[in-house]
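Given next are the chains, with one letter for each unit.
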Amino acid sequence: MTSVKLYVYDLSNGMARQLSQQLTGRQIDGIWHTSVVVFGKEVFYGQGINTTPPGRSHHGAPLQILDMGETAIDEDTFNDYLQEMREHYTQDKYHLLDFNCNSFTDDCVGFLTGGTIPGFIKDLPTDFLATPFGAALRPTIDAMYQRPAAGVPRQPTAAVNASPNPQLASSILQAVAAQAQTNGSAATNSLTSPMHVITNPATFNNFLKTHRAVVAFFTSNTCPPCRMIEPVFERLSEEKGTHQDRDGAGFAKIDIDVGMGRNLASEWSIRATPTFIFFLDGKKLDEIKGADANELRSQIDLLLFQAYPPHPHTSLSLPAAQALSLNPIIFTQVPAVSTVLAKLSSFIDDVPSWPLTVLQSKDQVKSVISGIVLPYLQSRFPVTNPPKTLPSATPAILAAWSAATTTMVTALPVESLFPLLDMWRLAFLDPAVGSWVASLTPTSPPTDPIGVFLPKAIAAVNSPSKGARNYILTVVRMLCNAFSHAGLAQKLFKGAVRERITEVLVPSLLHADALVRTASASLAFDVAAVLQKTRVDSIKSGRGIRAEAEEEFADWEVEMVSAIVEALDREKENEEVVHRLTAALAFLLRLSPHYETQIKPLLEVLQSRQVLNGKLVKGSGWSAQGGISKKDVRKLVEEVGAKLCV
């Protein structure tokens, strides 16, 4: 028996461990390169299959040496195996993510011991591509292996700009690019194909575990029909394979004459080539023999339909729901800014004792508002003769204003803050403001204007006072305008921020004041529209919508549906509120992956269909004769009740 070792190297030379959290939001300890050490030599894949004395490759000393067990295979048999593999692991096929040194060592370890290399190495590309930075970097890595001239990798501009820290991104990408280039990579046009070459049972079993749907192509180099169908299989792998932006199948090619291919063929009872076997969740569904391209395509489509069934509502005719715009509802009224400032200044002056804990004095706060914020708002939102090009807020203006806002929210009572809120409401109509707030790193306590205002809104939402009502109304309107910026909307829809907004929104939908209810219905529409747009984009791109991908939204969606149905039940007169609430409900229900399991039973308990039908006639659900009068609102209410609340 001969021991088998795995040498592990870090292509980033430690930079991944230091910088990955800042670049990707996830800790990645290394960009792993591996080689197999057996029979006194180190074997790895880069510029083809290379062999050196252990620890003498251009990667230097290994970071880790892992024990892969022992092999009963003799050296001559292993050398014969390597010779066969040289036809597959060629320099032109190398790809940093899809077909790399770790693909090769996993095959070798599988051949030698029947095992696999550690998951933290094999899963690195998947983990990396799951981050926004990794997804943005994918085209850049592909470009590195399709470069126009040898030795000149393309600059990773797009991915660098996608990172929150471009300078750090540039450093780590250049280091990995340099290592990857040393590791061999002549240009090729077929590198990004998601077709995986598999040579042993261990790798194939792992492939089945890591892909929900799998198409396995058993082929032979001496089989003419195999050579005829292989280009079709490659095209289908590109069309229907798994990509970072869509669901798909894993495509595996097994040459029965290479490596342990015959063992695999025997395990799956392959009697002739070509044979295609289709797997779902690791279990064999079907197989076809022969080179019938049409049947192959049909079977792959059937497999994908079973693996990722379309949402049942996609087959419904929903003209009223589909006609709804996904653009946010915003509040654009421009007040007399100087009057608003005067009101705010008087509130500041009326504070009898300015808190000692704040960083700015009364005069400093008033100086920022009158000397920095007022000129910006007056130039951005002129009463008459607006310029062709409106000025935008600069980071310096917004940073000063935000700091003053933090001070005022601490120093002023809630009933005195609505003028300040209204100024921010107006400012969020400027795209530069949304971009700036979206770029801020979350802090505790928060320093961005939305984060600063929300805690007092949560505290004020159940207060009956007029001051609390004004504060809630203006906060909700400000949030609606904040959702007009796509990047900020995505940030507001995540995690703790979404939960805090929901704490304000849900009780506000039932507020005694009609203006608050109208603004809250608008915010419910805007929030639901963000989710709907994401789902529609997923359908259009081919990714599909899966419950596990939206697990974080499940409880929130139940809460929102409950709140909207209750608000609809209580609304007896305002058609605009009913219109916005019903549209929001349609967005939440139409493509929800939780519809059958959680939402549908809830709708039955809430008697949602009866609630909506009650708006169409005079009675307990509606005060006016004949029910809702506007045709477009009636049509939407009828459609949602009849087709989505069942």
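Each chain carries its own residue numbering, running from 1 in the written order of its sequence. This being a predicted model, a pLDDT of at least 70 is required before a residue's local features are given, and a value of 80 or more before pairs of side-chain atoms are given or counted; all residues contribute to the totals for chains, interfaces and linings. Remark: hydrogens and water are excluded; side-chain values derive from all non-hydrogen atoms of the structure.

Novice: What is the right way to look at the overall build of the protein chain in this model?
Specialist: Looking only at helices and strands, one finds 28 helices and ten strands in the protein chain. Scored against the burial criterion, the 646 residues of the protein chain give a buried share of 52%. Any two residues whose heavy atoms approach within 4.5 Å are treated as being in contact. Excluding contacts between residues fewer than 6 apart, the proportion of contacts in the protein chain whose partners are at least 24 apart in sequence is 73%. Runs of H or I in DSSP of at least four residues are treated as helices and runs of E of at least two as strands, each being numbered from the N terminus. Throughout this description, buried means an accessible area under 20% of the type-specific maximum (1.4 Å probe, protein chains only), exposed means over 50%, and partly exposed covers the range between.

Novice: It is not clear to me how the packing of aromatic side chains should be interpreted in this structure. Could you clarify?
Specialist: In this description, a pair of aromatic rings is defined by centroid distance and the angle of the planes. Working definition: a ring pair exists when centres of Phe, Tyr or Trp rings (six-membered ring for Trp) sit within 6.5 Å. Plane angles under 30 degrees give stacked, over 60 give edge-to-face, the rest tilted. Applying the stated rule across the entire model yields 21 aromatic pairs. Between Tyr45 and Phe104 the ring centres are 6.4 Å apart and the planes differ by 50 degrees, which places this aromatic pair in the tilted class. Remark: Phe104 occurs in helix α3 (residues 101-113) and Tyr45 occurs in strand β3 (residues 41-46); sequence separation between them is 59 residues. You can call Tyr45 buried: its relative accessible area is 0%. Taking the centre distance of 5.2 Å and the plane angle of 70 degrees together, the rings of Tyr89 and Phe104 count as edge-to-face. With Tyr89 in the loop between α2 (75-85) and α3 and Phe104 in helix α3, this pair connects stretches of sequence that are 15 residues apart. With respect to burial, Tyr89 and Phe104 carry one shared label: buried. Comment: the charge-over-ring label is applied if NZ (Lys) or CZ (Arg) is within 6 Å of the ring centre and within 35 degrees of the ring normal. Arg498 extends its terminal NZ or CZ atom over the ring of Phe493, reaching a point 5.7 Å from the ring centre.

Novice: What exactly am I supposed to notice about unusual backbone geometry here?
Specialist: Put simply, Thr273 and Pro274 share a cis peptide bond, and its omega is 0 degrees. Mapped onto the elements of the fold, Pro274 is located in the loop between α11 (261-267) and β9 (275-280). Looking along the chain, the bond that leaves Ser444 and enters Pro445 is cis, with omega of -5 degrees. Looking at the element boundaries, Pro445 is found in the loop between α18 (431-439) and α19 (449-460).

Novice: Any chance you could explain α18 here in plain terms?
Specialist: One turn of the α-helix equals 3.6 residues, which is why residues spaced by three or four share an orientation. For α18, every residue scored as buried is listed here: Val433, Gly434, Trp436 and Val437. All buried residues of α18 lie within an arc of 165 degrees about the axis, which places them on one face of the element. Its buried side turned inward, α18 meets α15 (362-380), α16 (395-411), α17 (418-427), α19 and α21 (486-492). One side-chain oxygen at the N-terminal end of α18 lies 3.0 Å from the backbone nitrogen of Ala432; it belongs to Asp430. Arc definition: it is the arc formed by the directions from the helix axis to the C-beta atoms. We define a polar contact as two N or O atoms separated by no more than 3.5 Å, with the added condition that, inside protein, one atom must be a possible hydrogen donor and the other a possible acceptor, whereas residues neighbouring each other in sequence contribute only through side-chain atom pairs.

Novice: I'm lost on the nonpolar core in this one. Help?
Specialist: Grouped burial of nonpolar side chains is what soluble globular proteins tend to show. One finds Trp401, Trp424 and Leu585 to be the most contacted residues of the largest nonpolar core, which totals 115 residues. In terms of residues, this core owes the most to one element, helix α23 (residues 514-541), which gives eleven residues. Once residues within four sequence positions are removed from consideration, Trp424 is found in contact with Leu398, Trp401, Ser402, Thr405, Val433, Pro449, Phe453 and Met478. Residue types Ala, Val, Leu, Ile, Met, Phe, Trp, Tyr and Cys, when buried and joined through side-chain atoms within 4.5 Å, form a set referred to as a nonpolar core.

Novice: I would appreciate a short explanation of the sheet that holds strand β7 (residues 213-219) in the present structure.
Specialist: The strands making up a sheet associate through backbone hydrogen bonding, with each pair oriented either parallel or antiparallel. Sheet architecture is open: five strands sit in the order β6-β8-β7-β9-β10, paired in mixed fashion. Single-partner strands in this sheet number two, and they are β6 (195-197) and β10 (283-289). Across this sheet, the average inter-strand angle for adjacent strands is 25 degrees, counted without regard to direction. Pairing geometry for β9 and β10, over six bridges, is antiparallel. Within β10, the residue paired with Phe279 across the bridge is Lys284. Note on pairing: two strands pair once DSSP finds at least 2 bridges between them. To get an axis, a line is fitted to the C-alpha atoms, and for a helix only the part in contact is used. The angle between two axes follows their N-to-C directions and goes from 0 to 180 degrees.

Novice: Help me understand the state of the cysteines in this model?
Specialist: Between two cysteines, a covalent bond joining their sulfur atoms is known as a disulfide. Cysteine sulfur pairs qualify as disulfides if the two atoms are within 2.5 Å. Tallying each qualifying case throughout the model produces one disulfide. Shown here is the disulfide that connects Cys223 with Cys226, its sulfur atoms set 2.5 Å apart. Between Cys223 and Cys226, the disulfide has an S-S torsion of 80 degrees and is therefore right-handed. Each of the two residues, Cys223 as well as Cys226, counts as buried.

Novice: For this particular structure, what's the right way to read the sheet that holds strand β2 (residues 32-38)?
Specialist: With antiparallel pairing, the five strands of this open sheet are ordered in space as β4-β3-β2-β1-β5. The sheet is open, and its two edges are formed by β4 (48-52) and β5 (64-71), each paired on a single side. Here the average twist between neighbouring strands, direction ignored, is 25 degrees. Direction of pairing for β3 relative to β4: antiparallel, over a ladder of five bridges. From the neighbouring strand, Tyr45 faces β4, where its bridge partner is Ile49. Running at roughly 10 degrees to β3, α2 makes contact with β2, β3 and β4 of the sheet. Set on the sheet, α3 makes contact with β1 (2-10), β2, β3, β4 and β5; between it and β2 the angle comes to about 30 degrees.

Novice: Would you explain a negative patch on the surface in this entry?
Specialist: Here the term patch refers to residues with relative accessible area over 30% and no salt bridge, with like charges joined within 9 Å and nonpolar side chains (Val, Leu, Ile, Met, Phe, Trp, Tyr) within 5 Å. For the area figures, the Shrake-Rupley method with a 1.4 Å probe applies, and any residue is considered shielded solely by the protein chains shown. Salt bridges are identified by distance alone: a Lys or Arg side-chain nitrogen within 4 Å of an Asp or Glu carboxyl oxygen. As used throughout, the charge tally considers Lys and Arg to be positive and Asp and Glu to be negative, leaving His and the chain termini uncounted. To locate a charge, take atom NZ for lysine, CZ for arginine, CG for aspartate or CD for glutamate. Taken together, the side chains of Asp74, Asp76, Asp80, Glu84 and Glu87 present a region of like negative charge at the surface. Counting through the fold element by element, Asp80 comes out in helix α2.

Novice: Just checking my understanding: could you explain the side chain of His313 for this structure?
Specialist: Take His313: it is sitting in the loop between α12 (293-307) and α13 (319-322). By relative accessible area, which is 6% here, His313 ends up buried. A polar contact of 2.7 Å, which involves the side chain of His313, links it to the backbone oxygen of Arg590. Here His313 is in contact with Leu318, Leu589, Arg590, Tyr595, Lys643 and Leu644, once residues within four sequence places are set aside.

Novice: Explanation requested: the environment of Glu84 in the structure shown.
Specialist: Looking at the element boundaries, Glu84 is found in helix α2. Its relative accessible area of 30% is what places Glu84 among the partly exposed residues. In this structure the C-alpha to C-alpha distance between Glu84 and Gly259, which are 175 residues apart in sequence, comes to 7.0 Å. Beyond its immediate chain neighbours, meaning those up to four positions away, Glu84 contacts Asp257, Val258 and Gly259.

Novice: Whenever I open this one, the pattern of salt bridges confuses me. Can you help?
Specialist: Proximity of charged atoms lets side chains of opposite charge pair with each other. The full count for this structure, using the stated rule, is 23 salt bridges. Glu550 is the partner of Arg535 in a salt bridge, and the nearest nitrogen-oxygen pair spans 2.6 Å. One end of the pair, Arg535, is in helix α23; the other, Glu550, is in the loop between α23 and α24 (554-570), with 15 residues separating them in the sequence. Residue Arg535 is classed as buried on the basis of its relative accessible area, which comes to 0%. For Glu550, a relative accessible area of 8% gives the class buried. Between Glu576 and Arg580 there is a salt bridge whose closest N-O contact spans 3.1 Å. Residue Glu576 and its partner Arg580 are located together in helix α25 (residues 575-590), separated by four residues, close to a single helical turn. On the accessibility criterion, Arg580 (17% relative accessible area) is buried.

Novice: Even after reading the chapter, I still don't get α25, so can you show me in this structure?
Specialist: For a helix, the expected span equals 1.5 Å multiplied by the number of residues minus one. The end-to-end C-alpha distance of α25 is 22 Å, a good match for the 22 Å that 16 residues give at a rise of 1.5 Å each. The residue sitting at the N-terminus of α25 and contributing the capping side-chain oxygen is Asn574; that oxygen lies 3.0 Å from the backbone nitrogen of Glu576.

Novice: Looking at this structure, I do not really get the packing of helix α22 (residues 495-508) against α24. What am I missing?
Specialist: Relative orientation and spacing of two packed helices are given, respectively, by the angle between their axes and the distance between those axes. For the pair α22 and α24, the least separation of the axes is 11 Å and the interaxial angle reads 15 degrees. Between α22 and α24, the interaxial angle falls into the category roughly parallel. Handedness of the α22/α24 crossing: left-handed. Contact with α22, carried on its side by Arg498, Glu499, Thr502, Leu505 and Val506, involves Trp556, Glu559, Met560 and Ala563 of α24 and no other residues of that element. A breakdown of the residues in the contact of α22 with α24 according to their chemical character gives five nonpolar, one polar and three charged. Any angle that falls under 35 degrees is termed roughly parallel, while one over 145 is termed roughly antiparallel, one within 65 to 115 roughly perpendicular, and all others oblique. Crossing handedness: left-handed means the near helix sits turned counterclockwise from the far one by under a right angle, and right-handed means the same turn made clockwise. When residue character is reported, Ala, Val, Leu, Ile, Met, Phe, Trp, Tyr, Cys and Pro are called nonpolar, Asp, Glu, Lys and Arg charged, and the others, Gly included, polar.

The quantities given are spatial measurements derived from coordinates; they are silent on function.
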